[in-house]
Amino acid sequence: MSADALKHALQVASRAIGAPDNTEIILERPRDPSFGDWTTNLAMTLAKPLGKKPRDLAQALSSALDLAAAGVAKVEIAGPGFLNFRLDPGAQASGIARIVDDAVHWARSNTGGGKRANIEFVSANPTGPLHVGHGRQAALGDAIATMLEWTGWNVSREFYYNDGGTQIENLAKSVWIRIAQQFGIAVEIPEGGYNGEYIKEIAGAVIAEKGDELILAHVREGAEAIAAGKHPADANLFDRLRAEAVAALRREQDKDMQAFGVSFDTYFLESSLYTDGKVTQTVDALVKGGHTFEDGGALFLRTTEFGDDKDRVMKKSAAKGGDYTYFVPDVAYHVTKWQRGFARAIDVQGADHHSTVTRVRAGLQALEMGIPQGYPEYVLHQMVTVMKDGEEVKISKRAGSYVTVRDLIDWVGRDAVRYFFLMRKGDSQLVFDVDLARSESEENPVYYIQMAHARLSGIFRVGEIDATTLRGAGTDLSPLTAPEEQLLVKALLDFPALVEGAAQALEPHRIAGWLLETARLTHTWYHKHHVLNEPPPIMNARLVLARATQLSLAAGLRLLGITAPERM
RNA sequence: GCGCGAGUAGCUCAGCUGGAUAGAGCGUCGGCCUCCGGAGCCGAAGGUCGUGGGUUCGAAUCCCGCCUCGCGCACCA
C-alpha cells in the first residue's frame, strides 16, 4: 500500500535530520479528513530527544522528504507540529483494484501462521433453553472464530456440555415431579429444581412415548422421596429420565443454534473427563507436584502460589460428600485443549464466571506442563438486561420465565439479533430493548448496511453487468477524485488493518462500527454520483468502486455471520 | 471489605491502545422523490466525557483518591 512507501520515505528523512535509528514511524488517519490522507506526530515525538521545537523539526522533515518516492502530492505542517500528507487521488484510488481482482484473499492475513485455536462458547448446561446471555456468547464466539480464521488461525469451535453434577440431578428430579403431577400425585418441585414450561413438555413426551412402561407405584414413591430431599428407589428410571431430559434439551439447544446459524466442530462432554480418567490424572499430577495440602479432610490446591487470593478446595471432605469441586474438571478440560494441540484457547463466557479465570490458570500452571501463563484467554461479556413492555424481564431459571435466543430471533430476525449483540463492546453492559428492536426493525442499522449492499448489487442488475467479470488492474481508476469517492476508497483500504486489529483484540464490534460507517459513505456516494450511463472512463472506474465496496461490505457482514442480500 | 467491568448527547452506545473542533444510531426539528432501490440523502438543535488531583508539547484515553451502578467473592455449579 502507498502508506508503506510513505512510511519508508519518512524513515529516510528522519535519519537525515539526525533522529535515532530506532525511531518508530507512526502513521494515522486524521480524524478530520480535511487534514489530509495520513498524518504523523513524528516531529512531536522527536522534539525531546533532539532538543528542538516540534514545528522546526516538522519543517526539516518536510524538506528532507522525497515526495515522489512517498507518493505524496502535498505536505502540510499543522497545529503543534503535525505533518499532514495528501496522497495523489488517482494513485490512492488504484489501491482498490486488488479488492476486485482477488476478492477471496481480501482482508485475509496469515498472522496466525496456521496455528490451532480453540474457541469455546455458549457452553450452556443442558438444563433449559438458551437465553439472551447465550445469544450474546454465540454471536461473539462465532464472530471471533471467523475473525481468527481470516487472520490465519486454524480454528475449532467448541461447545462444552456440563452434563454431570447437581444441576443435572435437579433437572431429572424436576421431570420426575412433573410426570407424577400429570398422574395426579400432589407433589411440588423442590428447591433448586426447574419450573419452566419445557419441563412439563419433556414430562409429557416421556409419558406419551413410554407411559406404558411407567409403574405408578414407583413414580409415586420417587416423587415423595424427591419432595423429601431423597433419591428415588428406582435408580433405573431416574437414570433414564435424566438421559431423556438431557437429550431433549440438547436437541432444543442445537435447534436454537442452527436457527442462529452457528455450528460447532466439537461437543465436549464433561462426563467424559471422568470416564476417561482425566480428572483423576489431573488430581494425581497436582498432588505429585506438591501443590496441594489437606485440611479438615478436604484436599486444597495452593492457588495462592499463582496469584489467587485464597487456596481452593479440590476435593471436598468425606463429611461433605467427597466430590471434586467444579474447577477440577475445568482444569482437566483445559489440559485436554492443550494436549489436543491448541496453541490458543479462548473462552467466551459471562462476566459472572470471572472468578474461575484465576483458578483455572493457576491449576494449569501448577501442573508445570509448559502451558503459557495466559492460557486460556477469556472474553468475558457483561450481563444482558432484557426490556419488554417497558419493564425489565428478570432472568430466572427457577421461575422459568426468561427470554430465549429463539424469542429474539422470532421477534427481530437472526441478522438483527447478531448485529445488535455485536455492535457493542463485550465488556459493557447491554440493554436489549425488545420493543425498540421490534419497532425499529424497519430502520435498524443492520438493514441500513444490508441496503447499501443491495443497492450496489442493483447497479449491476439494472446495468445487466456480470460483476464477476470486472477487472481492477486494467481499469483507469484516476477518475475517482470526488470527495465522496476518496472517502469511500480510504474506508475500503483501511478494512484489512481493521480486521487485523479487531481479531487481535478479540473485538468484533469494531467490524460492526466499520460496516455502519462504510454503509453511510456508500449511501452518500450512491446518492450523489451515478454509475450507469456515464461516459465510459467514469462508468468503468465507478463500477470497480461499486464492486470493491460491495465485496467489502459482504466480507464484513460475513465476518459477523450476517447475510448480505442482493435485494431486499 | 476485596476483585473485575461500567459511568461520554434525551435514550442505546462508539471513540482504533495519548492527538487537532469528542462521534454514530434512535428520538426531536427543518428540507429533498421525472435520474442505477426514498428501507435513501442533506441540514439543525443537543456535551463541564461521574468527580478531584497527577504525568506531558497534548488526556475521554495513562496513574492515584473519591462517588454511583452491575457482576463475582462457598467443602454451589
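Please refer to the structure placed before this passage.
Criteria and cut-off values
- Residues numbered from 1 in each chain as written.
- Chains lettered and ligands numbered in written order.
- Predicted model: local features only at pLDDT ≥ 70, side-chain atom pairs only at ≥ 80, totals over all residues.
- Heavy atoms only, no water.
- Phe/Tyr/Trp six-rings, centres within 6.5 Å; stacked < 30°, edge-to-face > 60°.
- Helix = DSSP H or I, 4+ residues; strand = E, 2+ residues; numbered from the N terminus.
- Buried < 20%, exposed > 50% of the residue type's maximum accessible area, 1.4 Å probe, protein only.
- Lys NZ or Arg CZ within 6 Å of the ring centre and 35° of its normal.
- Salt bridge = Lys/Arg side-chain N within 4 Å of Asp/Glu carboxyl O.

A word on the packing of aromatic side chains. Under the defined criterion, the tally for this structure stands at 15 aromatic pairs. Here Trp 176 and Phe 238 contribute two aromatic rings whose centre-to-centre distance is 6.3 Å and whose plane-to-plane angle is 40 degrees, an arrangement assigned as tilted. Here the residue Trp 176 occupies a position in helix α8 (residues 166-182), and Phe 238 occupies one in helix α11 (residues 235-260), the gap between them amounting to 62 residues. Of the residues examined, Trp 176 reaches a relative accessible area of 1% and is grouped as buried. Among the aromatic residues, those joined into a cluster by ring pairs are Phe 121, Phe 159, Tyr 161, Phe 264 and Tyr 267. Positioned above the aromatic ring of Trp 38, the side-chain terminus of Arg 29 is 3.9 Å from the ring centre. Over the aromatic face of Trp 153 sits the side chain of Arg 344, whose NZ or CZ is 4.8 Å from the ring centroid.

Attention shifts here to unusual backbone geometry. The phi angle of most residues is negative, glycine excepted, and most peptide bonds adopt the trans form. Here the bond from Tyr 375 into Pro 376 is cis, since omega is -5 degrees, no more than 30 degrees from zero. Residue position: Pro 376 is located in the loop between α15 (354-366) and β12 (377-381). With phi around 65 degrees, Asn 533 is a residue other than glycine that occupies positive phi space. By the element assignment, Asn 533 lies in the loop between α21 (509-528) and α22 (536-559).

Bringing the pattern of salt bridges into the picture now. All told, the structure shown has 25 salt bridges when counted by the stated rule. Across the pair Glu 213 and Arg 240 runs a salt bridge, and its minimum N-O distance is 3.5 Å. Placement of Glu 213 in the loop between α9 (197-210) and α10 (216-227) and of Arg 240 in helix α11 is noted, with a sequence separation of 27 residues between them. According to the relative accessible area criterion, Arg 240 is partly exposed, its value standing at 35%. Taking the shortest distance from any N to any O, the salt bridge between Arg 302 and Glu 305 comes out at 3.9 Å. What makes Arg 302 partly exposed here is its relative accessible area of 30%. Residue Glu 305 is classed as partly exposed on the basis of its relative accessible area, which comes to 42%. Each member of the salt-bridge network shares a partner with another, and the members are Asp 142, Glu 149, Arg 157 and Arg 418.

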